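# Chain and residue survey
This is what each chain is made of:
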Amino acid sequence: MLACHLSLGAARRAVQAERLVRAVQSGRGPDLPTLLLGDLNEWRQDRSALAVLRPVFGPSASPPGFPSFRPMLSLDHILTRPSGMLRSLAVHDTPLARRASDHLPLTAQFDLAGRAVPEAPARGP
């Protein structure tokens, strides 16, 4: 699982997303189911961070949660790899949640069945 809060600047977000993709694709990463979640500061699917993450995680289905007093933008995202692991995604919208932050929290359900991680090969002495 990767939790992140990306930059406000589009160019920096793209670089940060590229680094996240490299981390996911290195070592045993390609064999592991992956959750990426956080404030990506991006709502446009074809721009900066989401455009970089899309080939690996698929498109984001995050609902609007910002600003909490009148949600219009989807800045917070939960992405999975493989993308089929995400079963439901919703904004937790209550009066207390609106008071707690300028972002409404996301809730999600995942299906991990059949997503077993292959065993690492045995290493010699």
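Preceding block: the structure.
What comes next is a walk through the structure. Predicted model only: the values in this text are computed from it and were never measured. (Residues numbered from 1 in each chain as written. Predicted model: local features only at pLDDT ≥ 70, side-chain atom pairs only at ≥ 80, totals over all residues. Heavy atoms only, no water.)

### Concerning the overall build of the protein
Counting secondary structure elements, the protein contains three helices and five strands. Across its three principal directions, the C-alpha atoms of the protein cover 60 × 35 × 25 Å. Out of the 125 residues in the protein, the part that is buried amounts to 34%. For the protein, contacts bridging at least 24 residues in sequence account for 65% of all contacts bridging at least 6. (Helix = DSSP H or I, 4+ residues; strand = E, 2+ residues; numbered from the N terminus. Buried < 20%, exposed > 50% of the residue type's maximum accessible area, 1.4 Å probe, protein only. Contact = heavy atoms within 4.5 Å.)

### Thoughts on the side chain of Asp39
Here Asp39 is to be found in strand E2 (residues 34-39). It is Arg13 that comes nearest to the buried, bridge-free Asp39 among opposite-charge side chains, at 8.1 Å. Sequence-distant contacts of Asp39, that is, excluding residues within four places in its chain, are made with Cys4, His5, Leu6, Leu75, Asp76 and His103. (Lys, Arg positive; Asp, Glu negative; His and termini not counted. Salt bridge = Lys/Arg side-chain N within 4 Å of Asp/Glu carboxyl O.)

### A closer look at the packing of aromatic side chains
Enumeration according to the criterion identifies zero aromatic pairs in this entry. Sitting over the face of the ring of Trp43, Arg44 holds its NZ or CZ atom 4.8 Å from the ring centroid. (Phe/Tyr/Trp six-rings, centres within 6.5 Å; stacked < 30°, edge-to-face > 60°. Lys NZ or Arg CZ within 6 Å of the ring centre and 35° of its normal.)

### Details of helix H1 (residues 10-25)
Between its first and last C-alpha, H1 extends 23 Å over 16 residues, near the 22 Å set by a 1.5 Å rise per residue. Within the span of H1, buried status applies to Arg13, Ala14, Ala17, Leu20, Val21 and Val24. The arc that holds every buried residue of H1, seen down its axis, measures 120 degrees, which confines them to one face. For H1, the exposed residues set more than 90 degrees away from the buried face come down to Ala11, Arg12, Arg19 and Arg22. On its buried side, H1 packs onto strand E1 (2-5), E2, helix H2 (48-57) and strand E3 (76-81). (Expected span 1.5 Å × (residues − 1). Arc of directions from axis to C-beta.)

### Thoughts on the nonpolar core
Counting 14 residues, the largest nonpolar core has Cys4, Leu6, Leu36, Leu40, Leu53, Phe57 and Leu79 as the members making the most contacts within it. Those residues in contact with Phe57, other than ones at most four positions away along the chain, are Val24, Thr34, Leu36, Leu79, Thr80, Arg81 and Ser83. (Core = buried A, V, L, I, M, F, W, Y, C linked by side-chain atoms within 4.5 Å.)

### Re the packing of H1 against H2
Two numbers describe how H1 lies on H2: the axes approach to 7 Å, and their chain directions differ by 20 degrees. The angle between H1 and H2 falls in the class roughly parallel. Judged by the sense of rotation from one axis to the other, the crossing of H1 with H2 is right-handed. Here H1 contributes Ala10, Arg13, Ala14, Ala17, Glu18, Val21, Val24 and Gln25 to the contact with H2, which in turn contributes Ser48, Ala49, Val52, Leu53, Val56 and Phe57. Residue composition of the contact of H1 with H2, grouped by class: ten nonpolar, two polar and two charged. (Axes fitted to C-alpha atoms, helices over the stretch in contact; angles between N-to-C directions. Parallel < 35°, antiparallel > 145°, perpendicular 65-115°, else oblique. Left-handed = near helix turned anticlockwise from the far one by under 90°. Nonpolar A, V, L, I, M, F, W, Y, C, P; charged D, E, K, R; others polar.)

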